[in-house]
Amino acid sequence: MAVINKRLLPIKAHYFFFMASMGPILPQLAVIGKQIGIDPEVMGYITCILPVMYVIAKPMFGFIADYFSHFRKCIFIFLIVGMILSYAGFYFIPENSTTIQMTPNALENITMDMRNITQCDEKLFSALNFNTFSNKALCEGYNSNLTFPAYFVDPQSPGILELNLTSNVQQYFMCLEGNYSSSLPPQFNGSCKFEDSLTSTTSSSSLYLTATFWIFVILMCCGTIGFNVTNSISDAICFDMLGDDAEHKYGNQRVWGTIGFGLTALISGIVVDLWTVDAVKSFTPALIIMLIFGVFDLLSVSKLKLPKLSSSESITKDVWQCIKQPSVATFLVFATIAGIIDSFIIFFLFWHVEEVAAETGFMDQIKLIEGCVVAAECLAGEVPFFFYSGKIIKKLGYVHCMSMCFFFYAVRLALISWIPNPWYLVGVELFFQGCTYALCYTVIVAYASEVAPPGTSATIQGLIAGMDDGLGFSIGSLIGGLAFKRFHGRRSFMYFSILAICTCVAHIVLRPASRKRQYLPKTGYQAPMEQEMVAIKEKKEEEQKSMLNSVS
């Protein structure tokens with residue numbers, strides 16, 4: 001019979017409620033920006049700059065948590081409250097009267113299900129201010145001589161729902177000028193070029209001077225930095241509570257975060273679809289779910305009993321002495337490369353799968369496929385590996401686990417580049433998300449805990465995590481975007497697969513071969529008195545149970 005460690009229930013609850021509160025929001029940040037009218041290129045710049053801020057924020061707040069160690073819980077609660085309030089502020093972002101600018105430049109790489117495109121309703125041409133919210137374009141297919149005229153309409157225009165427009169192309173509605181539906185193929189892949197510039201109340205160029213844009217950017221930055229810093233300090237607190245041999249127990253705590261994230265992301269998607277039937281979705285239900293689970297998270301954090309840790313006389317000196325060790329410095333480099341690979345997958349996986357869907361005629365099932373991919377990644381891929389990551393690390397050691405992760409990243413990326421149709425991606429992510437992301441993440445945070453000198457756990461966690469999902473994510477999003485634009489999905493994923501296998505070989509060569517010298521020992525580490533008492537009590541209970549079993 002399994003024995004439940006009641007002392008660890010609050011940290012399990014924190015991971016569950018913390019990640020559950022983020023499930024409805026984090027995957028939708030880019031979509032919220034798109035609905036405001038932010039150009040994808042501008043969103044790319046924002047997501048490229050944000051991780052650089054993590055590199056600064058994570059070790060800075062980690063230093064504060066270590067320096068004021070007696071107030072760690074208060075600092076932790078403050079960060080969670082700030083994160084929740086920042087994301088909740090999305091509800092109060094003012095709306096623009098219109099968020100569109102149509103110029104004579106073409107819309108490139110448009111993929112449309114032509115079976116849903118209808119002829120323009122007469123109400124469109126008779127509507128007041130018709131020329132202020134719609135524009136005519138000539139569309140031309142890439143792989144055929146197909147050309148046809150169409151009208152693109154701003155989805156936020158007054159009375160748009162009365163115009164009987166059924167298709168949403170990028171941020172526009174579209175309808176055909178004439179009755180071409182019978183002569184058009186089921187799928188269209190090509191570009192559409194506007195005939196004239198469209199003068200609108202608020203063009204996309206002037207959008208970036210409005211309060212709407214800057215409030216969104218500030219709230220997004222504060223919320224996302226708050227999430228990443230809280231996540232890093234959560235890991236530091238978790239390892240402090242676990243004490244010695246923590247790397248073997250960490251995955252059993254962290255897995256509850258994956259479960260919470262996957263469940264609320266799915267629930268939120270269903271509720272948002274049921275809540276609004278318009279093309280422009282209301283994210284109010286997602287914000288409500290975030291607030292509910294955020295409150296539960298604060299309650300669970302209030303129940304945390306943090307162990308008393310020995311303090312560092314000079315945190316800066318101890319951290320510098322740690323990271324200048326060749327083994328730790330080398331690990332930081334490889335953690336950054338892991339972040340580069342992860343960011344490319346996170347930002348461009350669905351972009352690639354939609355390209356494959358357009359090529360193979362699966363666009364009518366694409367959202368179902370993407371939902372299945374997320375479910376396979378979180379609930380089927382990450383959960384078992386978080387549970388057993390401690391045993392895997394204990395068996396193989398940090399060095400060999402990290403090398404194995406890069407090898408499986410190479411296989412995963414190669415298979416993603418190969419998939420003949422998008423449904424194959426579900427199987428790829430089912431088998432490889434766990435042995436790449438989940439195991440690699442556990443190795444990184446466990447190694448950070450292992451090498452951290454006494455009194456510097458939060459700072460070291462912030463530093464190493466900042467290199468992974470901070471600097472690594474920034475470089476990955478930038479390089480990945482350039483590669484994807486030049487080579488498209490299949491070749492880009494294959495090139496990243498080559499990067500991963502080269503990194504695997506380099507890691508095997510550069511890191512120590514012996515498992516006995518994989519990390520710096522915690523010289524002079526003394527377990528907190530509370531942890532010692534708990535360990536003694538648990539040992540006595542085990543001895544009593546063994547004696548009773550022997551007597552019986």
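What counts as what
Residues numbered from 1 in each chain as written. Predicted model: local features only at pLDDT ≥ 70, side-chain atom pairs only at ≥ 80, totals over all residues. Heavy atoms only, no water. Helix = DSSP H or I, 4+ residues; strand = E, 2+ residues; numbered from the N terminus. Buried < 20%, exposed > 50% of the residue type's maximum accessible area, 1.4 Å probe, protein only. Contact = heavy atoms within 4.5 Å. Phe/Tyr/Trp six-rings, centres within 6.5 Å; stacked < 30°, edge-to-face > 60°. Pairing = 2+ DSSP bridges. Patch = residues over 30% accessible without salt bridge, like charges linked within 9 Å, V, L, I, M, F, W, Y side chains within 5 Å. Areas by Shrake-Rupley, 256 points an atom, 1.4 Å probe, with all protein chains shown as cover. Salt bridge = Lys/Arg side-chain N within 4 Å of Asp/Glu carboxyl O. Expected span 1.5 Å × (residues − 1). pLDDT = per-residue confidence, 0-100. 1 Å grid on protein atoms, 1.4 Å probe; cavity = no way out; pocket = protein on both sides within 12 Å on 5 of 7 lines; lining within 4 Å. Points joined across faces, edges and corners; volume = space filled by probe spheres on them. Nonpolar A, V, L, I, M, F, W, Y, C, P; charged D, E, K, R; others polar. Axes fitted to C-alpha atoms, helices over the stretch in contact; angles between N-to-C directions. Parallel < 35°, antiparallel > 145°, perpendicular 65-115°, else oblique. Left-handed = near helix turned anticlockwise from the far one by under 90°. Core = buried A, V, L, I, M, F, W, Y, C linked by side-chain atoms within 4.5 Å.

(A) Looking closely at the environment of Ile416. The topology assignment puts Ile416 in helix α14 (residues 398–418). Note on Ile416: relative accessible area 0%, which makes it buried. Separated by 71 residues in sequence, Ile416 and Ile345 have C-alpha atoms that sit 9.6 Å apart. The contacts of Ile416, once residues within four sequence positions are left out, are Leu349, His352, Leu425, Val428, Glu429 and Phe493.

(B) Layout of the packing of aromatic side chains. Tallying each qualifying case throughout the model produces 18 aromatic pairs. Ring centres 5.7 Å apart and planes at 80° place the aromatic pair Tyr398 and Tyr447 in the edge-to-face group. A residue pair is termed long-range when its members are at least 10 positions apart, and Tyr398 in helix α14 and Tyr447 in helix α15 (residues 424–451) qualify at 49 residues. One aromatic cluster is present, built from ring pairs that chain together Phe16, Phe17, Phe293 and Phe296.

(C) Just the pairing of strand β2 (residues 134–141), in detail. Where β2 and strand β3 (residues 147–153) come together, 7 bridges link them in antiparallel fashion. Bridge pairing in β3 places Ala137 opposite Ala150. When β2 meets strand β6 (residues 187–194), the two strands line up antiparallel, connected through 5 bridges. Bridged to Glu140 within β6 is Ser191.

(D) Region of the structure containing a nonpolar patch on the surface. A grouping of Phe407, Met494, Tyr495, Ile498, Ile501, Val505, Ile508, Val509 and Leu510 is seen on the molecular surface, where their side chains present a nonpolar patch of about 830 Å² in accessible area. Looking at which element gives the most residues to the nonpolar patch, the answer is helix α16 (residues 457–510), with 8 residues. Note on placement: Tyr495 falls in helix α16. Look at Tyr495 and you get partly exposed, because its relative accessible area is 39%.

(E) Molecular detail of helix α4 (residues 72–88). With 17 residues, α4 ought to run about 24 Å at 1.5 Å a step, and its terminal C-alpha atoms sit 24 Å apart, in line with that. Arg72, Ile75, Phe76, Leu79, Ile80, Met83, Ile84, Ser86, Tyr87 and Ala88 are the residues of α4 that are buried.

(F) The arrangement of the confidence of the model for the protein in detail. Summarising the model, the protein shows a mean pLDDT of 74, and 71% of its residues fall at 70 or more. For the protein, per-element mean pLDDT is lowest for helix α17 (residues 529–551), which scores 53, and highest for α14, which scores 92. Residue range residues 198–205 is modelled with pLDDT below 50. Its contacts to residues more than four positions away, or to other chains, number 26 contacts.

(G) The arrangement of empty space enclosed by the protein in detail. Scanning the entire structure with this criterion turns up 4 cavities of 30 Å³ or more. By volume, the second largest cavity amounts to about 80 Å³. Every element with two or more residues in the lining of the second largest cavity is listed here: α8 (211–242), α15 and α16. In terms of residue count, the dominant contributor to the lining of the second largest cavity is α16 (5 residues). A per-class count over the lining of the second largest cavity returns 6 nonpolar, 4 polar and 4 charged.

(H) Expanded view of the packing of helix α1 (residues 9–22) against α4. At a closest axis distance of 11 Å, the pairing of α1 and α4 adopts a crossing angle of 20°. What the angle tells us is that α1 and α4 run roughly parallel. Both α1 and α4 take part in a crossing whose hand is left-handed. Contacts between α1 and α4 involve His14, Phe18 and Met22 from the former and Phe76, Ile80, Met83 and Tyr87 from the latter. Along the lines of polarity and charge, the residues of the contact of α1 with α4 split into 6 nonpolar, 1 polar and no charged.

(I) Molecular detail of the nonpolar core. The biggest cluster of nonpolar side chains holds 116 residues, and the ones touching the most others in it are Tyr87, Phe90, Phe216, Phe406 and Ile460. Here the element with the most residues in this core is α15; it accounts for 16 residues. Counting residues in each nonpolar core, the second largest holds 17 residues, with Met114, Ala137, Leu184 and Cys192 among its members.

(J) Structural view of the packing of α8 against α15. Interhelical geometry of α8 versus α15 gives an angle of 60° and a closest axis separation of 10 Å. By the criterion of interaxial angle, the relationship of α8 to α15 is oblique. The handedness of the crossing between α8 and α15 is right-handed. Contacts between α8 and α15 involve Asn231, Asp235 and Phe239 on the former and, on the latter, Tyr441, Val445, Ala446 and Ser449. Across the contact of α8 with α15, the residue classes tally to 4 nonpolar, 2 polar and 1 charged.

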